Amino acid sequence: MRILNFGSLNVDYVYSVDAFLRPGETKASKSLMVNCGGKGLNQSIAAAKAGSRVYHAGLLGSAAEMLRDKLVENGVDVSLLTPINAPAGHAIIQVDEKGQNCILLYGGTNQMLTKEWIDAAFDAFLKEGEDGLVLLQNETNLVPYIIEEAAKRGLKCALNAAPMDEKVKGYPLHKLTWLIVNEVEGGALAGTENEDEILSALHEKYPGCGVLLTLGSRGARCMEVDGTVTYCGSFRVPVKDTTAAGDTFSGYFLYGMLHGLSVKETLTLATTASAIAVTRPGAADSVPTKQEVDEAIREELFGVLFVGVED
């Protein structure tokens, strides 16, 4: 099944620091890398590397050709990218000695989508076939409109509700096929800080929607529409950079769900892919290929992942 990603595109300025800056502090960084990023771009590349046929729809800002080139390099269809003369989205990222990151975003062209442009992108996508899944992140504008249009046109839809803000609570989330959240985002939407109650609360609010709850180093939990919850642990690996770990997980998870894998197989695939990603620096460049992931699973490179179904 094809994926139409109305995805963000950012130029990432990644600064290596011993510790994150505090208010009023000035310090020299250890290094600077300029990378291609944005949750949308990262997830398009992850899904494409996993084996999905991915179309990336977005507005390409000025002096941001490197973003288009990176998508093409990784097998993503860019026929729905529209160049415009406006500042591109970008991110200022600090990565500390433990591999953790903090990110400051500037939306740029990611926040300049119009309903007319969105409609045209849908029309072009559907000319090549009626099937597909629409993928979204909360880094662009008009997310509710895209969800409504996807439902109206008979397409499945997945939303990674990150970065989380109050507006997400007003989105038509009941029309999603998959809602992808971490424990902070999920708790905010569910109205509870109790991690054990997040999935059941979201299932009650959005009964027709499956939920993937990622928990970082503690693994993930997946609730299907019928209420079945499958959980998995994580692998202990040397961490260099966690920037694209969640995006890698999302891209591989959607590949598994769209290509007939079981939830257990899908979680194993996604967890292994993200484990490889965090051992590498950068965002999009850290995403592994499907061959690398399959080989790591086959050879039990990181050990055996614990995956089970909750009673």
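Residues numbered from 1 in each chain as written. Predicted model: local features only at pLDDT ≥ 70, side-chain atom pairs only at ≥ 80, totals over all residues. Heavy atoms only, no water.

Visitor: Whenever I open this one, the overall build of the protein chain confuses me. Can you help?
Guide: For the protein chain, the helix and strand inventory stands at nine helices and 14 strands. Computed over its C-alpha atoms, the radius of gyration of the protein chain comes to 18 Å, within 12% of the 19 Å expected for a compact globule of 311 residues. Along the first, second and third principal axes, the C-alpha set of the protein chain runs to 50 × 45 × 40 Å. Each of the 311 residues in the protein chain was classed as buried or not, and the buried ones make up 53%. The long-range fraction of contacts in the protein chain, counting pairs at least 24 apart against all pairs at least 6 apart in sequence, stands at 66%. (Helix = DSSP H or I, 4+ residues; strand = E, 2+ residues; numbered from the N terminus. Rg over C-alpha atoms; globule rule 2.2 N^0.38 Å. Buried < 20%, exposed > 50% of the residue type's maximum accessible area, 1.4 Å probe, protein only. Contact = heavy atoms within 4.5 Å.)

Visitor: Please clarify how the pairing of strand β10 (residues 178-182) should be interpreted in this entry.
Guide: Walk down a regular strand and you will see the side chains alternate between the two sheet faces. Within β10, four of the five residues are buried, which leaves the element mostly enclosed by the surrounding structure. In the sheet, strand β9 (residues 156-160) pairs with β10 via three bridges, with the strands oriented parallel. Paired with A158 across the bridge in β10 is W178. As judged from the five bridges shared by β10 and strand β11 (residues 210-214), these two strands associate in the parallel manner. By the bridge assignment, L179 is partnered in β11 with V211. (Pairing = 2+ DSSP bridges.)

Visitor: Mind showing me how you'd approach the packing of helix α1 (residues 39-50) against helix α7 (residues 245-258) here?
Guide: How two helices pack is summed up by the angle between their axes together with the distance between the axes. At their nearest, the axes of α1 and α7 sit 8 Å apart, and the two run at 45 degrees to each other. On the basis of the axis angle, α1 is oblique to α7. You can see that α1 and α7 cross each other, and the crossing is right-handed. Seen from α1, the contacting residues are K39, N42, Q43, A46, A47, K49 and A50; seen from α7, they are D247, T248, S250, G251, Y252 and Y255. Across the contact of α1 with α7, the residue classes tally to five nonpolar, five polar and three charged. (Axes fitted to C-alpha atoms, helices over the stretch in contact; angles between N-to-C directions. Parallel < 35°, antiparallel > 145°, perpendicular 65-115°, else oblique. Left-handed = near helix turned anticlockwise from the far one by under 90°. Nonpolar A, V, L, I, M, F, W, Y, C, P; charged D, E, K, R; others polar.)

Visitor: Would you take a moment to explain helix α3 (residues 115-126) for this structure?
Guide: Three- or four-residue spacings in an α-helix give side chains the same orientation, since the helix completes a turn every 3.6 residues. The end-to-end C-alpha separation of α3 is 16 Å, in line with the 16 Å expected for 12 residues at 1.5 Å each. Against β1 (2-6), β4 (53-62), β5 (81-87), β8 (133-137) and α4 (143-152) lie the buried residues of α3. (Expected span 1.5 Å × (residues − 1).)

Visitor: Can you walk me through the sheet that holds strand β14 (residues 307-309) in this structure?
Guide: Strand pairing in a sheet is mediated by backbone hydrogen bonds. Such pairs are either parallel or antiparallel. Sheet architecture is open: 10 strands sit in the order β5-β4-β1-β8-β9-β10-β11-β12-β13-β14, paired in mixed fashion. Strands with a single pairing partner mark the edges of an open sheet, and in this sheet they are β5 and β14. Strand after strand, the sheet turns through a mean of 20 degrees between neighbouring axes, direction not considered. Relative to β8, β1 runs parallel, the two sharing four bridges. Bridged to N5 within β8 is L135. Relative to β8, α4 is tilted by about 170 degrees, and along the sheet it contacts β1, β8 and β9.

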